[in-house]
Amino acid sequence: MKIVRTGQEVRSLGRPAGGRVALVPTMGALHEGHAALLRAARGGADILVMSLFVNPLQFGPDEDLDAYPRAEERDLATAETAGVDVVFAPSNVEMYPPGATTTLSVGRLGEIVEGAARPGHFVGVATVVAKLFNLVQPDTALFGQKDAQQVAVLRRMVRDLRVGVAITVCPTVRADDGLAISSRNAYLSSEERRLAPGLFGALSAGADVIERGGEAPAAEAVVAAALESAPGLVPDYARAVDPDTFETPDAGGDVLLVAAARLGRTRLIDNIPVPARTAS
Ligand code: AMP
């Protein structure tokens, strides 16, 4: 496994003629969710590149950039075990040369739901992923359903900018009690960890409503009420949205139940997609 830290090095990586390059972007502190992405990517790739970069542009001024867990040595060992060929671990200066001011504007999709709670977050995500795509030139890139609005923003970005990268989405990996695995779960105390699955529980209650023939607004109300009464969780939002636009879903169409809540100093997000076939 090669470790490269500059754009120049990653640009000059040799690739076999006709070989397929897959990219898995991460912010490190690797866990089972990242490992599932790497496994899925390994299958279809001749060269598997994992990026490891805590992107400052996607953190707000009052967010956890400084506290974000960093564990490069352990991450490199995990990547090696997962069969990664190249780890791209750039510095901040490498990704944001001094004086860099150019960003991608992602429009309304980046400003609603999670984007309303985290102003500028999706501009940061789209900008860094565009840079990674430019540097690595992958054929395909894999992202987790866990960050559903990120997926919607990036699908829109590659479509709008005519970027030739296929986006694959892998299902959310959960602990046995339903909690979506996340690097930020490391912030939870043991008591908070016990309460954290309440977020998935609230979303599941909403998914049941749709699966039993109910409509999206009824499901949204059930998620909101369940989240409100979940011990320890302070709701941020609970919405039933269209998975591509994050606007109100069409009646009988695909629905994505999304929610965010605070638990102590940790902010948790999660979602459950409910496809139209069960929503009708
Ligand atoms: P991050 O390091 O948090 O930026 O995440 C890197 C990638 O892993 C993103 O595409 C995430 O959506 C994905 N990811 C994070 N947690 C999970 C999970 N529990 N299941 C599946 N994918 C995940």
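Residues numbered from 1 in each chain as written. Predicted model: local features only at pLDDT ≥ 70, side-chain atom pairs only at ≥ 80, totals over all residues. Heavy atoms only, no water.

S.K.: Help me understand the overall build of the protein chain in this model?
M.R.: Helices and strands together make up the secondary structure of the protein chain, namely 11 helices and 9 strands. Summarising its shape, the C-alpha atoms of the protein chain cover approximately 55 × 40 × 40 Å along the three principal directions. Summarising the internal contacts of the protein chain: among those between residues at least 6 apart in sequence, 72% fall at separations of at least 24. As displayed, the protein chain offers around 13000 Å² of accessible surface, 52% of which is attributable to carbon and sulfur atoms. On the protein chain, the mean spot of the 27 positive side-chain charges and the mean spot of the 34 negative ones are 3 Å from each other. (Helix = DSSP H or I, 4+ residues; strand = E, 2+ residues; numbered from the N terminus. Contact = heavy atoms within 4.5 Å. Areas by Shrake-Rupley, 256 points an atom, 1.4 Å probe, with all protein chains shown as cover. Lys, Arg positive; Asp, Glu negative; His and termini not counted. Charge placed at Lys NZ, Arg CZ, Asp CG, Glu CD.)

S.K.: Can you help me understand helix H6 (residues 121–136) in this one?
M.R.: Each α-helix turn comprises 3.6 residues. Residues three or four places apart therefore point the same way. End to end, H6 covers 22 Å across 16 residues, agreeing with the expected 22 Å (1.5 Å per residue, within 8%). Taken across its 16 residues, H6 has 13 buried, putting it largely inside the fold. Phi turns positive, to about 50°, at Gln137, one or two residues after H6. (Expected span 1.5 Å × (residues − 1). Buried < 20%, exposed > 50% of the residue type's maximum accessible area, 1.4 Å probe, protein only.)

S.K.: Help me understand the packing of helix H9 (residues 198–211) against helix H10 (residues 216–228) in this model?
M.R.: The description of two packed helices rests on the angle between their axes and on the distance between the axes. Between H9 and H10, the least distance of the axes is 8 Å, while the angle of their chain directions is 155°. Judged by the inter-axis angle, H9 sits roughly antiparallel to H10. Judged by the sense of rotation from one axis to the other, the crossing of H9 with H10 is right-handed. Of the residues in H10, those touching H9 at Leu199, Ala202, Leu203, Ala205, Gly206, Val209 and Ile210 are Ala216, Ala218, Ala219, Val222, Val223, Ala226 and Leu227. Residues belonging to the contact of H9 with H10 are distributed by class as follows: 13 nonpolar, 1 polar and no charged. (Axes fitted to C-alpha atoms, helices over the stretch in contact; angles between N-to-C directions. Parallel < 35°, antiparallel > 145°, perpendicular 65-115°, else oblique. Left-handed = near helix turned anticlockwise from the far one by under 90°. Nonpolar A, V, L, I, M, F, W, Y, C, P; charged D, E, K, R; others polar.)

S.K.: I would appreciate a short explanation of the site of the ligand in the present structure.
M.R.: In the neighbourhood of the ligand, 17 residues make up the surrounding shell, with Met27, His34, Asp147, Val173 and Ile181 lying closest. Within the side chain of His34, an N or O atom sits 2.8 Å from an oxygen atom of the ligand. At 2.8 Å, a backbone N or O of Val173 approaches a nitrogen atom of the ligand. In isolation the ligand offers 480 Å² of accessible surface; the protein chains occlude 92% of this area. Counting residues per element, the ones that place at least two in the shell around the ligand are strand S2 (21–26), helix H2 (32–44) and strand S5 (140–144). In terms of residues, the shell around the ligand owes the most to one element, H2, which gives 3 residues. (Near = heavy atom within 4 Å. Polar contact = N/O pair within 3.5 Å; in protein donor to acceptor, adjacent residues only side chain to side chain.)

S.K.: What's the story with the side chain of Gln149 in this structure? I'm lost.
M.R.: With respect to the secondary-structure elements, Gln149 resides in helix H7 (residues 148–160). Judged by relative accessible area, which is 4%, Gln149 ranks as buried. A distance of 2.8 Å separates the side chain of Gln149 from the backbone oxygen of Ile112, its partner in a polar contact. Every residue in contact with Gln149, bar those within four places of it in the chain, is listed here: Leu109, Ile112, Val113, Glu114, Gly115, Phe122 and Phe246.

S.K.: When you look at the sheet that holds strand S4 (residues 86–88) in this model, what are you seeing that I'm missing?
M.R.: Within a beta sheet, neighbouring strands are joined by backbone hydrogen bonds and run either parallel or antiparallel to one another. Sheet architecture is open: 6 strands sit in the order S1-S4-S3-S2-S5-S6, paired in parallel fashion. For this open sheet the edge positions go to strand S1 (2–4) and strand S6 (166–170), each flanked by a neighbour on one side alone. When the angles between neighbouring strand axes are averaged without regard to direction, this sheet yields 25°. The pairing of S2 with S5 spans 2 bridges and is classified as parallel. Note that in S5 the partner of Ala22 across the bridge is Thr140. (Pairing = 2+ DSSP bridges.)

S.K.: Help me understand the packing of aromatic side chains in this model?
M.R.: For any two aromatic rings, the description comes down to two numbers: the centre-to-centre distance and the angle of the planes. Per the stated rule, a full pass over the model turns up 2 aromatic pairs. Ring centres of Phe59 and Tyr68 lie 5.7 Å apart, and the angle between their planes is 80°; this geometry places the pair in the edge-to-face category. Each member of the pair Phe59 and Tyr68 is classed as buried. (Phe/Tyr/Trp six-rings, centres within 6.5 Å; stacked < 30°, edge-to-face > 60°.)

S.K.: Explain the environment of Ala207 here, please?
M.R.: Tracing the sequence through the fold places Ala207 in helix H9. Among the residues examined, Ala207 registers a relative accessible area of 5% and is labelled buried. Sequence-wise, Ala207 and Leu256 are 49 residues apart; in three dimensions their C-alpha atoms are separated by 9.0 Å.

S.K.: I tried to follow the sheet that holds strand S7 (residues 234–241) on my own but got confused; where do I start?
M.R.: If you walk across this open sheet you meet the 3 strands as S7-S8-S9, and the pairing is antiparallel. Looking at strand neighbours, the two that pair on one side only are S7 and strand S9 (266–274), the edges of this open sheet. Between one strand axis and the next, the sheet turns through 10° on average, direction left out of account. Two strands pair when backbone bridges link them, and S7 and strand S8 (residues 255–263) are joined in this way by 7 bridges, in the antiparallel orientation. When the bridges of S8 are listed, Tyr237 appears paired with Ala260. H9 contacts S8 and S9 of the sheet and is inclined by roughly 20° relative to S9. Sheet contacts for H10: S7 and S8; angle to S7, the most-contacted strand, approximately 165°.

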